[in-house]
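# Understanding the architecture of this molecule
Given next are the chains, with one letter for each unit.
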Amino acid sequence: MKKKRKKRTIVLVVILVIVLAVSGYYVWKEMYSRAQEVKDFEKIHELVDDENGRNLALLMKQNPECIGWVCIPDTTLDYPVMHTPNQPQKYLRLSFDEKYSFSGVPFLDARCTLESDNLIIYGHNLKNDTMFSSLGGYVQASYSKKHPKIEFETANEDAYYSVAIVAQIDETDEWYNFVDAPNSKSFDESIETLKTKAVYTTDVVPEFGQQLLTLTTCYGSEKSGRLIVVAVKDK
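Structure report, in brief. This structure is a prediction, so every number in the text was calculated from the model and none was measured. (Residues numbered from 1 in each chain as written. Predicted model: local features only at pLDDT ≥ 70, side-chain atom pairs only at ≥ 80, totals over all residues. Heavy atoms only, no water.)

The next subject is the pairing of strand S10 (residues 212-218). Of all 7 residues making up S10, 6 are buried, and the element is well covered by its neighbours. In this structure, strand S6 (residues 118-122) lies alongside S10, joined through 5 bridges in parallel fashion. Looking across to S10, one finds that Leu 119 is bridged to Leu 213. Sheet topology places S10 next to strand S11 (residues 225-233); 7 bridges connect them, and they run antiparallel. Bridge assignment links Cys 218 to a residue of S11, and that residue is Arg 226. Linking S10 to S11, which pair antiparallel, is a turn of 6 residues; within it Gly 220 sits at a positive phi near 95°. (Buried < 20%, exposed > 50% of the residue type's maximum accessible area, 1.4 Å probe, protein only. Helix = DSSP H or I, 4+ residues; strand = E, 2+ residues; numbered from the N terminus. Pairing = 2+ DSSP bridges.)

Enumeration according to the criterion identifies 7 aromatic pairs in this entry. With a centroid separation of 5.0 Å and an interplanar angle of 80°, the aromatic rings of Phe 41 and Tyr 79 are classed as edge-to-face. Of this pair, Phe 41 sits in helix H1 (residues 2-48) while Tyr 79 sits in strand S4 (residues 78-82); the two residues are 38 residues apart in sequence, bridging distant segments of the chain. Tyr 79 shares its class with Phe 41; the two are buried. Pairwise contacts between aromatic rings join Trp 175, Phe 178, Phe 187 and Phe 208 into one cluster. Sitting above the plane of the Phe 102 ring, Arg 93 keeps its charged end 4.3 Å from the centroid. (Phe/Tyr/Trp six-rings, centres within 6.5 Å; stacked < 30°, edge-to-face > 60°. Lys NZ or Arg CZ within 6 Å of the ring centre and 35° of its normal.)

A surface patch of like charges, here negative, comprises Glu 42, Glu 46, Asp 49, Asp 50 and Glu 51. Elements that contribute at least two residues to the negative patch include exactly H1 and strand S1 (49-50). Summarising the element assignment, Asp 49 is placed in strand S1. (Patch = residues over 30% accessible without salt bridge, like charges linked within 9 Å, V, L, I, M, F, W, Y side chains within 5 Å. Areas by Shrake-Rupley, 256 points an atom, 1.4 Å probe, with all protein chains shown as cover. Salt bridge = Lys/Arg side-chain N within 4 Å of Asp/Glu carboxyl O. Lys, Arg positive; Asp, Glu negative; His and termini not counted. Charge placed at Lys NZ, Arg CZ, Asp CG, Glu CD.)

Attention now moves to the side chain of Asn 118. Inspection of the secondary structure assignment puts Asn 118 in strand S6. For Asn 118, a relative accessible area of 0% gives the class buried. At a separation of 2.8 Å, a polar atom in the side chain of Asn 118 contacts the side chain of Thr 214. Contacts of Asn 118, omitting those with residues within four sequence positions, involve Cys 112, Trp 175, Phe 178, Val 179, Leu 212, Leu 213 and Thr 214. (Polar contact = N/O pair within 3.5 Å; in protein donor to acceptor, adjacent residues only side chain to side chain. Contact = heavy atoms within 4.5 Å.)

Ranked by size, the top nonpolar core spans 26 residues in total, and within it Leu 135, Tyr 138, Ile 150, Phe 152 and Leu 215 carry the most contacts. Elements supplying a minimum of two residues to this core: strand S3 (66-71), S6, strand S7 (149-154), strand S8 (158-170), S10 and S11. The greatest single-element share of this core, amounting to 4 residues, is contributed by S8. Look past the residues within four positions of Leu 215 in its chain and what remains in contact with it is Val 70, Ile 72, Leu 77, Ile 121, Phe 132, Leu 135, Ile 150, Leu 227, Ile 228 and Val 229. Formed by 18 residues, the second largest nonpolar core is a distinct cluster that contains Val 48, Leu 56, Trp 69 and Leu 126. (Core = buried A, V, L, I, M, F, W, Y, C linked by side-chain atoms within 4.5 Å.)

By the element assignment, Glu 151 lies in strand S7. In terms of polar contacts, Glu 151 uses its side chain to reach the side chain of Arg 54, at 2.9 Å.

Purely spatial values, then, with no claim about function.
What follows is the structure in structure tokens.
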């Protein structure tokens, strides 16, 4: 009996060691992958940053599906933006050079064009303070006072948007269907409906005819929970 128990103990220990080794390998692999993704974006920064600002032409030449760059000054949110109308979520888990990536690359809603009334840009909320994790700070009104502007640069212009509404919504919320407003009534109704779900609003008042920029990411304990930061294009 003692020999059998000893054998069972040895087998259990061996199994435990194997499980721990395999788990450790996958944890290491994920950490290495995340670190590599950070380095890849650093290389992208080196490619586009110059004395006169960003040279997006080089980036767009490298990958024509890149349509711009989004940045919240003095935060880690500072990335290229992709757009694939025929493949809505192509860059959800793809890197800029189209390889598998847990972080993906921020992307513009497939239904949008750069002339849409509401530009909706998606990005992951990651624990290593990359991608759109900085948006979590906006649940505090004091954060929006420190970071009131969002920059969105395209081949046509380098525009700034002022934060107006911060809201926690569900992934099925109607706001994600608000891309273009046919008239001022429709625009105002969409804004007022969103305000009822707002964490807070700022002194910036969205007006029909002004373009909106919506940055969105996963947020909260529910899998379908989303945080959105809505900003108005400066006149």
